[in-house]
Amino acid sequence: MRLNGEISHKEEEGEKENGNLEAQKVVVVGYALTSKKKKSFLQPKFEVLARKKGIIFIAIDLNKPLSDQGPFDVVLHKMSGKEWCEVIEDYKQKHPEVTVLDPPDAIQHLHNRQSMLQNVPDLDLSDCHGKVYVPRQMVITKDPSSIPDEVSEAGLKLPLVAKPLLVDGTAKSHEMFLAYDRFSLSKLEPPLVLQEFVNHGGVLFKIYIVGEAIKVVRRFSLPNVSKSELANVGVHSFPRVSSATESADDADLDPGIAELPPQPLLERLARELRSRLGLRLFNIDMIREHGTRDVFYVIDINYFPGYGKMPDYEHIFTDFLLSLVQSKHKKRPET
Ligand SMILES: Nc1ncnc2c1ncn2[C@@H]1O[C@H](COP(=O)(O)OP(=O)(O)OP(=O)(O)O)[C@@H](O)[C@H]1O
Ligand SMILES: O=P(O)(O)O[C@H]1[C@H](O)[C@H](O)[C@H](OP(=O)(O)O)[C@@H](OP(=O)(O)O)[C@@H]1O
Ligand SMILES: [Mg+2]
Ligand SMILES: [Mg+2]
């Protein structure tokens, strides 16, 4: 954190004027985000609040060396590619004083739908009033004609959700299919994850993590598959249901379906995943098995998700950014 002149004690939050940054501690956040992500994340209301709290955002120029830019207190990034990972790793080594969110190899772990869920079965969630599983799934990397046999050998129960194995921020990596019979699956293009569909009453819980902060919201999801629909055949594509901006928080829902997961479970799940994944910015998609109160499944984890859709994200995110810089200062020995 840079000190631009003396810190005035009169500068309570709210009193800070937009252009009056000279007299404040300024936290400089460099960001490397796609234009889509920049639009959804850096909303004007957020930037204004951040400025009032002494945080300014500066776009990183990808065509210039990162070390020649800034100086930054924090770097936020969501860019794919090996080259970018190397740039970030190199920058972290040369600038240990900068908080870089998050480590590229940890982010990479979420770019594959198999590795993203690998840690979930090992989490210690005892005494948290609920159980958390991952739906049974298998990975298909080649030869779609072998899928029907592989599905039977693995004993997977239909219907299955077919998801692209790799998640790279493209619309294609979010193209989903619901498959009612195993033969139709050979029409799909590997690499894929085939995941058992879990009835959950059409409501999904999105658990947003920003450092230590957690926010859970309800979203509409796929409806249950009834017994009679089990006789259906074919693979059916379905839209990006849960990432729609429409929240299910105000809908008139069956209380047994809408009840949020218990707070102790959410807190432990977030804490455990944060430490096992080594990430501070992500969200978890979780569903409750229909007909149960406390059996949950994690079906997706996203790095740097659509925080612009998270209620109160402006305050949560600015507080988080300030806390990063404050904790760095606490750790620094007094001179
Ligand atoms: N195993 C499952 N059982 C029931 N429904 C599922 C399952 N997997 C996915 N879904 C439904 O399909 C939707 C999309 O799946 P998923 O969240 O894995 O995809 P995504 O494209 O990564 O989503 P996001 O936009 O959150 O990144 C979920 O939000 C949920 O509605
Ligand atoms: O509803 P959420 O916040 O989970 O939806 C996210 C989605 O999961 C992805 O994280 C998207 O980011 P990309 O992977 O970069 O496409 C988000 O897009 P954004 O433009 O809204 O940030 C979705 O919102
Ligand atoms: Mg999802
Ligand atoms: Mg996802």
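Since the structure is predicted, the reported quantities are computational estimates derived from the model, not experimental observations. (Residues numbered from 1 in each chain as written. Chains lettered and ligands numbered in written order. Predicted model: local features only at pLDDT ≥ 70, side-chain atom pairs only at ≥ 80, totals over all residues. Heavy atoms only, no water.)

What to know about the site of ligand 2
Lining the immediate environment of ligand 2, one finds 15 residues, of which Lys36, Lys37, Lys206, Arg219 and Lys309 sit closest. Within the side chain of Asn283, one N or O atom sits 3.0 Å away from an oxygen atom of ligand 2. Between an oxygen atom of ligand 2 and a side-chain N or O atom of Lys309, the distance comes to 2.9 Å. Listed by contribution, the elements that provide at least two residues to the shell around ligand 2 are helix H1 (35-41) and strand E11 (203-210). Tallying contributions element by element places H1 first for the shell around ligand 2, with 3 residues. Looking at the shell around ligand 2, its residues break down into 2 nonpolar, 6 polar and 7 charged. (Near = heavy atom within 4 Å. Polar contact = N/O pair within 3.5 Å; in protein donor to acceptor, adjacent residues only side chain to side chain. Helix = DSSP H or I, 4+ residues; strand = E, 2+ residues; numbered from the N terminus. Nonpolar A, V, L, I, M, F, W, Y, C, P; charged D, E, K, R; others polar.)

Topic: the site of ligand 1
Taken together, 25 residues lie near ligand 1, and Arg113, Lys163, His174, Ser221 and Asn302 sit nearest. The separation between an oxygen atom of ligand 1 and a polar side-chain atom of His174 is 2.6 Å. Measuring from a nitrogen atom of ligand 1, one finds a backbone N or O atom of Val198 at 3.0 Å. When ligand 1 is considered free in solution it has 620 Å² of accessible area, and contact with the protein chains removes 97% of it. (Areas by Shrake-Rupley, 256 points an atom, 1.4 Å probe, with all protein chains shown as cover.)

A few points about helix H5 (residues 147-154)
Within the span of H5, buried status applies to Ile147, Pro148 and Val151. Viewed end-on, H5 has its buried residues packed into an arc of 105 degrees, placing them on one side of the element. Those residues of H5 hidden inside the fold are in contact with strand E7 (137-140), strand E8 (160-164) and strand E10 (192-196). A positive phi of about 70 degrees marks Gly155, the residue just after H5. (Buried < 20%, exposed > 50% of the residue type's maximum accessible area, 1.4 Å probe, protein only. Arc of directions from axis to C-beta. Contact = heavy atoms within 4.5 Å.)

Describing the coordination of the magnesium ion (ligand 4)
The magnesium ion (ligand 4) binds to the protein through Asp300 (OD), Asp300 (OD) and Asn302 (OD1), with metal-donor distances spanning 2.0 to 2.7 Å. In this structure, the magnesium ion (ligand 4) lies 3.8 Å from the magnesium ion (ligand 3), and both are coordinated by Asp300. (Donors = N, O, S within 2.8 Å, 3.2 Å for Na, K, Ca; no water.)

Quick word on the pattern of salt bridges
Overall, the coordinates contain 13 salt bridges when judged by the stated rule. A salt bridge links Asp61 to Lys64, with the shortest nitrogen-to-oxygen separation between them at 3.7 Å. One salt bridge in this structure joins Glu175 and Lys172, with 3.8 Å as the shortest N-O distance. Relative accessible area serves as the criterion here: at 39%, Glu175 is assigned to the partly exposed category. (Salt bridge = Lys/Arg side-chain N within 4 Å of Asp/Glu carboxyl O.)

Quick word on the UniProt feature "domain: Inositol-tetrakisphosphate 1-kinase N-terminal" (unreviewed entry) in the protein
Taking the numbering used here, the UniProt-annotated feature "domain: Inositol-tetrakisphosphate 1-kinase N-terminal" (unreviewed entry) corresponds to residues 28-107. What you have in residues 28-107 is 41% helix and 24% strand, and the ends, taken at the C-alpha atoms, are 23 Å apart. (UniProt positions renumbered as here; feature names shortened; annotations may be inferred.)

Let's talk about the environment of Met116
Mapped onto the fold, Met116 is located in the loop between helix H4 (104-108) and strand E6 (131-133). Sequence separation of Met116 and Leu277 is 161 residues, and the distance between their C-alpha atoms is 8.7 Å.

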